[in-house]
Amino acid sequence: MGFRLPGMRKASFATNEASSKGMEVAKGHLAVYVGEKMKRFVIPVSFLNQPSFQDLLSQAVEEFGYDHPMGGLTIPCGEHEFLDITSRLMRI
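Residues numbered from 1 in each chain as written. Predicted model: local features only at pLDDT ≥ 70, side-chain atom pairs only at ≥ 80, totals over all residues. Heavy atoms only, no water.

**Concerning the sheet that holds strand E2 (residues 39–44)**
Pairing is mixed across the open sheet formed by 3 strands, whose spatial order is E2-E1-E3. Since the sheet does not close on itself, it has two edges, and those belong to E2 and strand E3 (73–75), each with one partner. The average undirected angle you get between the axes of adjacent strands in this sheet is 40°. Pairing of strand E1 (residues 29–34) with E2 involves 6 bridges; the strand directions are antiparallel. Note on E2: the bridge partner recorded for Tyr-33 is Arg-40. Taken strand by strand, helix H2 (residues 51–64) contacts E2 and E3, and its axis lies near 100° from that of E3. (Pairing = 2+ DSSP bridges. Helix = DSSP H or I, 4+ residues; strand = E, 2+ residues; numbered from the N terminus. Axes fitted to C-alpha atoms, helices over the stretch in contact; angles between N-to-C directions. Contact = heavy atoms within 4.5 Å.)

Dropping the structure here:
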């Protein structure tokens with residue numbers, strides 16, 4: 001079902017069956033798609049202000065422009081890299 005990284009609140013970062021089936025995203029969060037399998041992650045919008053996440057957004061614009069194939073924000077990096085970056089952001 002879902003998973004938690006140490007120190008993370010369950011609601012602030014999740015991949016679970018409910019969110020992958022199009023359930024609403026909690027206020028203050030957004031859904032992004034990551035990796036070859038386009039896995040859906042729900043992240044806090046506060047990540048958008050962080051330089052490391054802005055780098056990911058720049059990569060997304062370079063690769064997809066503003067037309068994302070999943071209908072949501074698609075991040076062109078591997079799941080492992082994404083989890084590494086977001087786990088560091090959770091500690092800020």
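**Re the confidence of the model for the chain**
Put simply, the chain has an average pLDDT of 79, and 72% of its residues get 70 or more. Helix H3 (residues 79–90) holds the highest mean pLDDT among the elements of the chain, 95, whereas helix H1 (residues 17–20) holds the lowest, 43. Across residues 1–12 the pLDDT falls below 50, and counting only partners more than four positions away or on other chains, this stretch makes 22 contacts in the model. Of the regions scoring below 50 in pLDDT, residues 15–20 engages in 14 contacts with residues more than four places distant in sequence or in other chains. (pLDDT = per-residue confidence, 0-100.)

**Examining the packing of aromatic side chains**
Within this structure, the stated rule accounts for 3 aromatic pairs. Centroid distance Phe-41 to Phe-82: 5.0 Å. Interplanar angle 50°. Geometry classified as tilted. Of the two residues, Phe-41 is situated in strand E2 and Phe-82 in helix H3; the sequence distance between them amounts to 41 residues. Exposure remark for Phe-41: the relative accessible area of 0% places this residue in the buried category. Within the aromatic cluster, the residues linked to one another by ring pairs are Phe-41, Phe-47, Phe-53 and Phe-82. (Phe/Tyr/Trp six-rings, centres within 6.5 Å; stacked < 30°, edge-to-face > 60°. Buried < 20%, exposed > 50% of the residue type's maximum accessible area, 1.4 Å probe, protein only.)

**As for the nonpolar core**
Note that soluble globular proteins tend to have their nonpolar side chains buried in a common cluster. Counting 14 residues, the largest nonpolar core has Val-32, Val-34, Ile-43, Phe-53, Leu-56, Ile-75 and Phe-82 as the members making the most contacts within it. When residues of this core are traced back to their parent elements, those giving at least two are E1, E2, H2, E3 and H3. (Core = buried A, V, L, I, M, F, W, Y, C linked by side-chain atoms within 4.5 Å.)

**Digging into the pattern of salt bridges**
If you walk through the whole model with that rule in mind, you get 2 salt bridges. Glu-79 is the salt-bridge partner of Lys-39, the closest N and O atoms lying 3.8 Å from each other. Within this pair, whereas Lys-39 is found in strand E2, its partner Glu-79 is found in helix H3, the two being separated by 40 residues in sequence. With its nearest N and O atoms 2.1 Å apart, the salt bridge here joins Asp-84 to Arg-88. A residue pair is termed a helical-turn pair when its members lie 3 or 4 positions apart in one helix, as Asp-84 and Arg-88 do in helix H3 at 4 residues. Since its relative accessible area comes to 35%, Asp-84 is described here as partly exposed. Residue Arg-88 is classed as partly exposed on the basis of its relative accessible area of 44%. (Salt bridge = Lys/Arg side-chain N within 4 Å of Asp/Glu carboxyl O.)

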